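Listed here are the chains, written in short residue letters.
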Amino acid sequence: MVGGLPSFKIRPIAQQSRSSHLRTESGVIKWILIGVALLYLGIFLILPLACIFTTAFSKGIVAYTQAITEPDALAAIRLTLLTALIAVPLNVIFGIAASWAIAKFDFIGKNFLLTLIDLPLSVSPVISGLIFVLLFGAQGTFGPWLIEHGIKIIFAPPAIILATIFVTFPLVARELIPIMKAQGNDEEEAAITLGASGFKTFMLVTLPNIKWGLLYGVILCNARAMGEFGAVSVVSGHIRGLTNTLPLHIEILYNEYHFSAAFAAASLLALLAIVTLIAKSIIESGMHREIEATQITSGEKR
Amino acid sequence: MSIEVKNLTKIFGNFKAIDNINLKVETGELVALLGPSGSGKTTLLRIIAGLETADEGNILFSGEDARERKTKDRNVGFVFQHYALFRHMTVFDNIAFGLRVKPKKIRPSEDHIGRRVRELLKLVQLEWVEKRYPWQLSGGQRQRIALARALAVEPKVLLLDEPFGSLDAQVRKELRQWLRRFHDDLHITSLFVTHDQEEALEVADKIVVMNSGKIEQIGTPEEVYHKPASVFVLNFLGNVNLFHSRTEAATISSKAAKLYVRPHQLGVSRLPVDGNSVKVVLTFINPAGSSVKMDAKSSDGNVFQVEISQEEYKALKLIKNDEVFLTPKNITYSEYEI
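Residues numbered from 1 in each chain as written. Chains lettered and ligands numbered in written order. Predicted model: local features only at pLDDT ≥ 70, side-chain atom pairs only at ≥ 80, totals over all residues. Heavy atoms only, no water.

Caption draft 1: Representation of the overall build of chain B. When you go through chain B residue by residue, the secondary structure sums to nine helices and 18 strands. Reported as C-alpha extents along the three principal axes, the dimensions of chain B are approximately 80 × 45 × 35 Å. Within the span of chain B, comprising 338 residues, buried residues form 53% of the whole. In chain B, 64% of the contacts between residues at least 6 apart in sequence involve partners at least 24 apart. Split by element, the accessible area of chain B, about 16,300 Å² in all, is 49% carbon and sulfur. For chain B, the centre of its 47 positive side-chain charges and the centre of its 43 negative side-chain charges are spaced 5 Å apart. (Helix = DSSP H or I, 4+ residues; strand = E, 2+ residues; numbered from the N terminus. Buried < 20%, exposed > 50% of the residue type's maximum accessible area, 1.4 Å probe, protein only. Contact = heavy atoms within 4.5 Å. Areas by Shrake-Rupley, 256 points an atom, 1.4 Å probe, with all protein chains shown as cover. Lys, Arg positive; Asp, Glu negative; His and termini not counted. Charge placed at Lys NZ, Arg CZ, Asp CG, Glu CD.)

Caption draft 2: Layout of the domain arrangement of chain A. Residue and element names in this part refer to chain A. Each domain of chain A was delimited in the assignment, giving domain 1 (24-56) and domain 2 (60-301). In this structure, domain 1 and domain 2 have C-alpha centres spaced 30 Å apart. Each partner contributes to the interface: domain 1 provides five residues, whereas domain 2 provides nine residues. Of the roughly 620 Å² buried where domain 1 meets domain 2, counting both sides, 85% is carbon and sulfur surface. Of all residues in domain 1, Ile 52, Phe 53 and Ala 56 bury the most surface against domain 2, accounting for 68% of the area lost on that side. (Domains from an automatic or database assignment. Buried area = accessible area lost by both parts, 1.4 Å probe.)

Caption draft 3: Quick peek at the interface of chain B and chain A. Taken together, the 27 residues of chain B in the interface contact 24 residues of chain A. Between chain B and chain A the total buried area reaches about 2,400 Å² when both faces are included, carbon and sulfur atoms providing 61% of it. On the chain B side of the contact with chain A, Lys 72, His 82 and Arg 87 of chain B bury the most area, a combined 31% of that side's loss. Residues Glu 187 of chain A and Arg 87 of chain B are paired through a salt bridge, measuring 2.5 Å at the closest nitrogen-oxygen approach. In this structure, the connection of chain B to chain A is made through five residue pairs in polar contact (both at pLDDT 80 or more). Those elements giving two or more residues to the side of chain B that touches chain A turn out to be strand 6 (76-79), helix 2 (91-100) and helix 4 (139-152) of chain B. No other element matches helix 4 of chain B, which puts three residues into the side of chain B that touches chain A. Across the side of chain B that touches chain A, the residue classes tally to 15 nonpolar, five polar and seven charged. (Salt bridge = Lys/Arg side-chain N within 4 Å of Asp/Glu carboxyl O. Polar contact = N/O pair within 3.5 Å; in protein donor to acceptor, adjacent residues only side chain to side chain. Nonpolar A, V, L, I, M, F, W, Y, C, P; charged D, E, K, R; others polar.)

Caption draft 4: View of the packing of aromatic side chains. Tallied over the entire structure, the rule returns 14 aromatic pairs over all chains. Ring centres of Phe 132 of chain A and Phe 166 of chain A lie 5.9 Å apart, and the angle between their planes is 80°; on these two criteria the pair is classed as edge-to-face. With a gap of 34 residues between them, Phe 132 of chain A in helix 7 (residues 125-136) and Phe 166 of chain A in helix 9 (residues 157-183) connect regions that are remote in the sequence. Comparing Phe 132 of chain A with Phe 166 of chain A, the two get one shared label, buried. For the pair Phe 86 of chain B and Phe 97 of chain B, a centre-to-centre distance of 4.5 Å together with 50° between the ring planes defines the contact as tilted. In this pair, Phe 86 of chain B sits in the loop between strand 6 and helix 2 while Phe 97 of chain B sits in helix 2, placing the two residues eleven residues apart along the sequence. This pair shows no difference in class: Phe 86 of chain B is buried, exactly as Phe 97 of chain B is. (Phe/Tyr/Trp six-rings, centres within 6.5 Å; stacked < 30°, edge-to-face > 60°.)

Caption draft 5: How the structure looks around the packing of helix 4 of chain B against helix 5 (residues 169-186) of chain B. All names here are of chain B. Viewed as axis vectors pointing N to C, helix 4 and helix 5 meet at an angle of 20°, and their least axial separation amounts to 11 Å. Taken together, the axes of helix 4 and helix 5 are roughly parallel relative to one another. Helix 4 and helix 5 meet at a crossing whose hand is right-handed. Between helix 4, through Gly 140, Gln 143, Arg 144, Leu 147 and Leu 151, and helix 5, the contact on the second element is made entirely by Val 171, Leu 175, Trp 178, Phe 182 and Leu 186. (Axes fitted to C-alpha atoms, helices over the stretch in contact; angles between N-to-C directions. Parallel < 35°, antiparallel > 145°, perpendicular 65-115°, else oblique. Left-handed = near helix turned anticlockwise from the far one by under 90°.)

Right, dumping it as structure tokens:
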């Protein structure tokens, strides 16, 4: 159910026109369509979710709490949180800077930068991981130098964090670019002519105008950072208690036939997903107000 | 504060937006920059505000080089075509913005800011919208708030970029009369950009007519309308009819000439008045308005626009397809081929 919510709420305007169109369909067709959609949601979203929680609790609540409080699980949770804690703020800073540059200025290589930002989305996560192995691994470009100086990146938390940053790189910027483009430069220019410094203009005008979009980007970025499997799996080395993130920890438990423990850990990620979706739908309604306000205030535009 | 523009040039890529412009706006004047889109008027305004930098030349504020001042320290009020109000702030916070971002040392107290904001709201006659957000206001109200916001920091110069450009005709008319009265009260040096000649003629003390990055003419509304300096100005400030003629004065050679005559400068009669009279057929008559507007066509296919008073129209009892004679009473502009 939760999974279905946001997709229904995305564009109220488009939805209105579509529903008025639907009203011309007969009742039977309407119910068949709704039935198919619900069945689809049930099989692909609700059933698996229910399955995760029932399996997680299949050996009772004690086994469940044990599974998520044993040292290796706690270490995995810690590493996952640490990764997100570093990757998300960095991508927020990068995302704001990049979208600011792209949306508000014209420069040579702008399209190239846009393509570059999208790169992690189009590359398979395994490749994303391999890039770092090729760069920092023992046989990699910087490998020998790193070994010489006793710096460990691959098969250690730094590589996990790097890979996560790479994979989540586009998420904030992608959210902000269209919003900033739609808003234009007028308000910033107005602030500057009124005597505001660049920093005050950013804090008092730009940031409040993009806050919902930014929050949305952060939520998506965080969900991906905590849930990333492919790229992290390549660079992690799967050392228990040291380089396992939550998704990797689940895989190991599962491969060792500790089903209920695996599902207990998985339930944490599932909970994260649910919280993310709820936050997302709340933020989306805020974003609507933001976009509508943009459309109204810059109304009869260009 | 006076504004002086000296040898200003601005190039975008290979397009000369501003081409070596010189201009002086005296303290307290209300000047219109008039021209078609792409004539460089907005660019000029933005360079004066510091939102754009010139490639060559400079701007002097009361004789002082503006390049030495940052945009935020120029103390100009800028009003944007699309208002550019801060959408997440109330009207009160919008107007207070300029005062609140002042450095701590010279920032007025919240009390003082409140008083100033209410004073400005009263000035723009919108005291009751204090707590509203920009999107809850109409276009005309927003533009007045934008003006109040610009005035809050007591600018020495007010720059307005097509301030009424996105408003509908009725509000537009009201607001420009309001701006005129407003300027008469405050006497702040103001420069506004418009592509609407009627607006410029009605509001400004002085009009600067611009075309493709250059100034065509600077003058009072009367001067630019009645004594245009070029064919461009002539055409841009109202309709005009073109007569081809040959001067047959007591000169040695006769010269081909182009004579430009405004629609109201043509006399209409049933019979030819003199040798300059042209026989035409009235193809269209529009008697709605303070004067009667007509289109006429001569036998050689030239089309003329004519404007006569309601009294004349009634006296002549004109109807469509009547054959009449047009005689230029005055000539606004003439061009000789040498």
